[in-house]
Amino acid sequence: MIRLLLAEDQGMMRGALALLLNLEVDMEVVAEARTVAESLEAARRSRPDVALLDIEMPDGSGLDTAAILREQLPECRVLILTTFGRPGYLRQAMEAGAAGFLVKDGPVEELAVAVRRVLAGQRVIDPALAAAALSAGPNPLTDRERDVLTAAVDGATIADIAARLHLSESTVRNYLSAAIGKTGTRNRIEAALNARANGWI
C-alpha cells in the first residue's frame, strides 16, 4: 500500500480527497493535517511514502513544509496540490524538492496516477502550468523588493511600508520603483498584483 499524508486546511476538501484516495486499491491515507505544524508532526509519526501538500495553510506554506520534509524525511515524496496555479509557486516547489505540482481542478484519477508516478521517481507537473512557468521566466525581484511589494498589497502608504519594514521612506520608494520597472507595471499596486499573480510574493 502507498501510504499518504494529506495536508489541506479546508476540512471538506481534505475529507473528500481522503475518501476518494482511500478508494484506490493501492493507497491509504495514513495521516491528515490542517497546518504546517500538524503536517510535520504527522509526517514524523506516520512516515508516509507521499505527502500531498496544499500551498496556503493557516501557519505557513506547503512550500516551506516541502523543504523541511526533504531534509527530515528524504524518503517521503512531496506532491504539491493547490488551487493557486502560479508559475512562481511551481519554481519554488521544485526548488524546495517537490516531485510534483498539480492544480486541484483535475480529476481524482489523475491525482492517483500522479501519486504512483511520483513514488516511482518521476516528476509530475501540470502541463499548462509548466508552459506558463517557462514563459514567465525566473523571479526578477530581490528579497527586499518582494518584502516591500508584499507590504504594499493591501494599499499601504509609503510611510506605512517604511514603518512596517523599518526602512526609510526614500529606500521604500527606491525598492518600489525598481519592482515597478521589473514587473513592467504602472504603480505599486499593479506591481504587487502582478508579482502575486506570478507567485513571486
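Placed above this text is the structure.
Overview of the structure. (Residues numbered from 1 in each chain as written. Predicted model: local features only at pLDDT ≥ 70, side-chain atom pairs only at ≥ 80, totals over all residues. Heavy atoms only, no water.)

## Re the overall build of the protein chain
Across its full length, the protein chain holds ten helices and eight strands. Overall, the C-alpha framework of the protein chain stretches about 60 × 30 × 30 Å when taken along its three principal axes. By the burial criterion, 46% of the 201 residues in the protein chain qualify as buried. Pairs at least 24 apart in sequence give 64% of the contacts found in the protein chain among residues at least 6 apart. (Helix = DSSP H or I, 4+ residues; strand = E, 2+ residues; numbered from the N terminus. Buried < 20%, exposed > 50% of the residue type's maximum accessible area, 1.4 Å probe, protein only. Contact = heavy atoms within 4.5 Å.)

## Things to note about the nonpolar core
Within the largest apolar cluster, 26 residues are counted, with the highest numbers of intra-cluster contacts made by Ala-51, Leu-53, Leu-69, Val-78, Ile-80 and Phe-101. If one sorts the elements of this core by residue count, helix H2 (residues 36-46) sits on top with four residues. The contact partners of Leu-53, leaving out residues within four places of it in the chain, are Ala-7, Gly-62, Thr-65, Ala-66, Leu-69, Val-78, Leu-79, Ile-80 and Leu-81. (Core = buried A, V, L, I, M, F, W, Y, C linked by side-chain atoms within 4.5 Å.)

## Looking at the pattern of salt bridges
Pairs may arise between side chains of opposite charge once their charged atoms sit close together. Following the criterion strictly, the structure yields 13 salt bridges and no others. Here Arg-146 makes a salt bridge to Asp-143, at a shortest N to O gap of 3.1 Å. Separated by three residues within a single helix, Arg-146 and Asp-143 lie in helix H7 (residues 143-152), roughly one turn from each other. Assessed through its relative accessible area of 27%, Arg-146 is described here as partly exposed. Residue Lys-182 is joined to Glu-145 by a salt bridge in which the shortest nitrogen-to-oxygen separation is 2.9 Å. Of this pair, Lys-182 sits in helix H9 (residues 169-183) while Glu-145 sits in helix H7, and the two are 37 residues apart along the sequence. On the basis of relative accessibility, which here comes to 38%, the residue Lys-182 falls in the partly exposed class. (Salt bridge = Lys/Arg side-chain N within 4 Å of Asp/Glu carboxyl O.)

## Section: unusual backbone geometry
One non-glycine residue with positive phi stands out, namely Arg-47, at about 50°. Tracing the sequence through the fold places Arg-47 in the loop between H2 and strand E3 (50-53). Even without a glycine there, the phi angle at His-166 is positive, about 60°. In this structure, His-166 sits in the loop between helix H8 (158-165) and H9.

Purely spatial values, then, with no claim about function.
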